[in-house]
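# An overview of the molecular structure
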Amino acid sequence: DDGVMAQTVESIKHVKAAGVPLVVALNKIDKPEATDSNITRILGQLAEHGLNPTEWGGSTEIIRTSATKGTGIQELLDTIDYTAELQELKADFGGKAVGTVLEAQMEEGRGPVARLLVQQGRLRKGDFVVIGRAYGRVRDIVSDRGQRVEEALPSTPVAISGLDTLPDSGDRLYVVGSLKEAEAAAAERKRSERERELAAPRVTLD
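Below, the structure is looked at part by part. Note that the coordinates shown come from a computational prediction; the quantities given were computed from them, not determined experimentally. (Residues numbered from 1 in each chain as written. Predicted model: local features only at pLDDT ≥ 70, side-chain atom pairs only at ≥ 80, totals over all residues. Heavy atoms only, no water.)

Scanning all chains against the criterion turns up 1 cavity of 30 Å³ or more. One number sums up the size of the largest cavity: a volume of about 50 Å³. Around the largest cavity, the lining residues are D1, L26, N27, K28, I29, A34, I39 and I42. Across the lining of the largest cavity, the residue classes tally to 5 nonpolar, 1 polar and 2 charged. (1 Å grid on protein atoms, 1.4 Å probe; cavity = no way out; pocket = protein on both sides within 12 Å on 5 of 7 lines; lining within 4 Å. Points joined across faces, edges and corners; volume = space filled by probe spheres on them. Nonpolar A, V, L, I, M, F, W, Y, C, P; charged D, E, K, R; others polar.)

Our focus in this paragraph is the environment of K96. The residue K96 is located in the loop between α3 (73–86) and β3 (98–107) in this model. Residue classification places K96 among the exposed residues on the basis of a relative accessible area of 54%. With 33 residues separating them in the primary sequence, K96 and V129 have C-alpha atoms 9.9 Å apart. Apart from residues no more than four positions distant in its own chain, K96 is found in contact with Q120, G121, R122, V175, V176 and G177. (Helix = DSSP H or I, 4+ residues; strand = E, 2+ residues; numbered from the N terminus. Buried < 20%, exposed > 50% of the residue type's maximum accessible area, 1.4 Å probe, protein only. Contact = heavy atoms within 4.5 Å.)

This paragraph deals with α3. Spanning 14 residues, α3 covers 20 Å between terminal C-alpha atoms, matching the ideal 20 Å at 1.5 Å per step. Every buried residue belonging to α3 is among L76, T79 and T83, and all of these are buried. One side of α3 carries all its buried residues, which in axial view fall inside an arc of 65°. Exposed residues on α3 whose side chains face more than 90 degrees from its buried face are Q74 and E85. (Expected span 1.5 Å × (residues − 1). Arc of directions from axis to C-beta.)

Moving on, we come to the environment of G126. Looking at where G126 falls in the secondary structure, it is placed in the loop between β5 (123–124) and β6 (128–131). Each C-alpha atom of the pair G126 and V20 lies 33 Å from the other, and the pair is 106 residues apart in sequence. Setting aside chain neighbours within four positions, we find G126 in contact with R137 and V138.

Further remarks concern unusual backbone geometry. One can expect most non-glycine residues to show negative phi and most peptide bonds to be in trans. The phi dihedral of K28 is positive, around 65°, even though this residue is not glycine. Inspection of the secondary structure assignment puts K28 in the loop between β1 (23–26) and α2 (36–48). Non-glycine residue S155 carries a positive phi angle of around 70°. With respect to the helices and strands, the residue S155 is situated in the loop between β9 (151–152) and β10 (156–163). Residue S155 is classed as exposed on the basis of its relative accessible area of 61%.

Right, let's get into the layout of surface pockets. The volume enclosed by the largest pocket comes to roughly 680 Å³. Lining the largest pocket are 17 residues, and of these I80, L89, L117, Q119 and S155 sit closest to its centre. Looking at the lining of the largest pocket residue by residue, the class counts come to 9 nonpolar, 4 polar and 4 charged. Taken as a whole, the second largest pocket holds about 450 Å³ of empty space. What lines the second largest pocket is a set of 20 residues, among which G3, T8, V24, A25 and L26 lie closest to the centre.

Our next topic: the nonpolar core. Among soluble globular proteins, nonpolar side chains are generally buried collectively. If you look at the biggest cluster of nonpolar residues, it comprises 16 residues, and the most contacted ones within it are L116, L123, V129, I131, V158, I160 and L173. Elements supplying a minimum of two residues to this core: β4 (111–120), β6, β7 (134–143), β10 and β11 (172–176). Formed by 11 residues, the second largest nonpolar core is a distinct cluster that contains V4, I12, L26 and L43. (Core = buried A, V, L, I, M, F, W, Y, C linked by side-chain atoms within 4.5 Å.)

We now examine the side chain of T60. Mapped onto the fold, T60 is located in the loop between α2 and β2 (61–64). Among the residues examined, T60 registers a relative accessible area of 6% and is labelled buried. Not counting residues up to four positions away in its chain, the partners in contact with T60 are L22, V24, L51, N52, P53 and T54.

This part takes up α2. End to end, α2 covers 18 Å across 13 residues, agreeing with the expected 18 Å (1.5 Å per residue, within 8%). Buried-residue contacts for α2 involve α1 (6–18), β1 and β2. Taken from the residues just after α2, G50 is the one with a positive phi, measuring 85°.

In short, the description is geometric, and any link to function would need to be established separately.
As structure tokens, then:
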């Protein structure tokens, strides 16, 4: 019912820059504010940002959902599946894993924990990984249901431990051949970050 906010516009820009397909979930349609006129207003706002709804003859799928009631969730999943099929978006289920960090935090008893999405290959317990400036050996893999698993395949969100430090959101995970290789890659990332910081113009009080 809030319509297109600043962060929505930011997300649209990221999607356009990445050149990836987009599906819009119009959530909270169970609320009294989700009137036809309000929905039409929001569709208009999306159209202003180049997301022309299919119901208006455009190419953007806009699915009305309610997370609390479960309305439209199956339709949303079907639309994502159909879009992936149409675009022939396929992941490699073999080989070394590649993924992206969603968030990372310190956890008692586990140390630095990275929550990430596996996008290619197979991530296994015991793998040597480098994630931005962090590196280590995967000590355990916990699924989004809180269960310990031995491996994770593409499109699987998991939390892993065994890292030496916290990575940043958006950092890429790569599986490498040895701990030495992982350490060297992480050190290189730290070095390039330090050089970038030193090269950045200093801001004075004036």
